[in-house]
Amino acid sequence: MKQPRTGGTAIHVAALAEKNGWRRETYGETVEGLPLIAWWPGNSAPTRVVWAAIHGEEAVTLQLAHQLLRTVRAQDACAVVIPVANPDGVLHATRQNARGIDLNRNFPSAEWQPTTFPTYWPTALTRTSEHRNQWSSAGESAGSEPEVRALCDLIERIQPTSTVDLHTPLECVIA
């Protein structure tokens with residue numbers, strides 16, 4: 001029997017994640033007002049946080065996170081999984097969020113600086129496709145972006161022993 005189309009992959013992934021025992025929680029919203037969704041494991045307290053697609057043009061990472069939710073039973077998991085840390089960037093196929101900020105460079109840290117940085121290593125090829133540029137802004141202040149504040153609040157709440165941030169800068173997945 002042919003399955004009806006009901007809104008795309010997100011509903012399909014959600015249904016399978018819930019079937020596997022994952023619990024969905026909205027932990028914030030983006031600049032454009034989209035929900036930030038985290039998936040919680042079974043009844044145990046999570047000890048890790050995994051997030052993907054903090055760079056919107058690195059959509060392969062969200063596919064990996066979705067695969068985790070579809071195939072790993074929540075009762076066997078120890079991590080909160082965030083398949084899309086930058087929904088606005090994914091929808092616009094851009095590295096940055098809707099304000100043009102590279103969220104990975106916006107986290108509060110001793111090294112944070114209010115300047116632009118090379119998006120890629122200075123020795124790398126200049127990337128000039130329509131969705132990539134060579135420079136990224138770190139934002140007006142450390143933690144200025146709602147996506148970063150929400151993720152920091154979630155990490156503070158969970159107090160994980162480790163975090164995993166998935167990326168695909170060189171057309172391969174790295175953590």
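This text goes with the structure placed above it.
Residues numbered from 1 in each chain as written. Predicted model: local features only at pLDDT ≥ 70, side-chain atom pairs only at ≥ 80, totals over all residues. Heavy atoms only, no water.

### A closer look at helix H2 (residues 60-71)
1) Next: With 12 residues, H2 ought to run about 16 Å at 1.5 Å a step, and its terminal C-alpha atoms sit 17 Å apart, in line with that.
2) Next: Turning to H2, its buried residues number three or more, namely Thr61, Leu62, Ala65, His66 and Leu69. Looking straight down H2, one finds its buried side chains confined to an arc of 140°; they lie on one side. The exposed residues of H2 that point more than 90 degrees off its buried face are Gln63 and Thr71. (Helix = DSSP H or I, 4+ residues; strand = E, 2+ residues; numbered from the N terminus. Expected span 1.5 Å × (residues − 1). Buried < 20%, exposed > 50% of the residue type's maximum accessible area, 1.4 Å probe, protein only. Arc of directions from axis to C-beta.)

### Re the pattern of salt bridges
1) Next: For the structure shown, the criterion picks out 8 salt bridges.
2) Next: Put simply, glutamate 25 and arginine 23 hold a salt bridge, and the shortest N to O gap is 3.7 Å.
3) Next: Ionic pairing is found between arginine 95 and glutamate 57, a salt bridge with its closest N-O pair at 3.4 Å. Of this pair, arginine 95 sits in the loop between helix H3 (87-92) and strand E5 (116-118) while glutamate 57 is found in the loop between strand E3 (48-51) and H2, placing the two residues 38 residues apart along the sequence. The pair arginine 95 / glutamate 57 is uniform in exposure class, with both members buried. (Salt bridge = Lys/Arg side-chain N within 4 Å of Asp/Glu carboxyl O.)

### With respect to the side chain of glutamate 58
1) Next: Positionally, glutamate 58 belongs in the loop between E3 and H2.
2) Next: For glutamate 58, a relative accessible area of 2% gives the class buried.
3) Next: For glutamate 58, the side chain forms a polar contact with the side chain of histidine 167, separated by 3.1 Å. (Polar contact = N/O pair within 3.5 Å; in protein donor to acceptor, adjacent residues only side chain to side chain.)

### Focus on the environment of leucine 68
1) Next: Residue placement: leucine 68 occurs in helix H2.
2) Next: The exposure class of leucine 68 is partly exposed, given its relative accessible area of 32%.
3) Next: Separated by 13 residues in sequence, leucine 68 and valine 81 place their C-alpha atoms 8.4 Å apart.

### Let's talk about the nonpolar core
1) Next: Judged by nonpolar contacts, the single largest core of 17 residues is most densely connected at Tyr27, Ala38, Trp51, Ile82 and Leu154.
2) Next: Among the elements that take part in this core, helix H4 (residues 146-158) stands out by supplying 5 residues, more than any other.
3) Next: Not counting chain neighbours up to four residues away, the residues in contact with leucine 154 comprise Glu25, Tyr27, Ala38, Trp40, Val80 and Ile82.
4) Next: Residues Ala14, Trp39, Val81 and Leu166 belong to the second largest nonpolar core, which totals 15 residues. (Core = buried A, V, L, I, M, F, W, Y, C linked by side-chain atoms within 4.5 Å. Contact = heavy atoms within 4.5 Å.)

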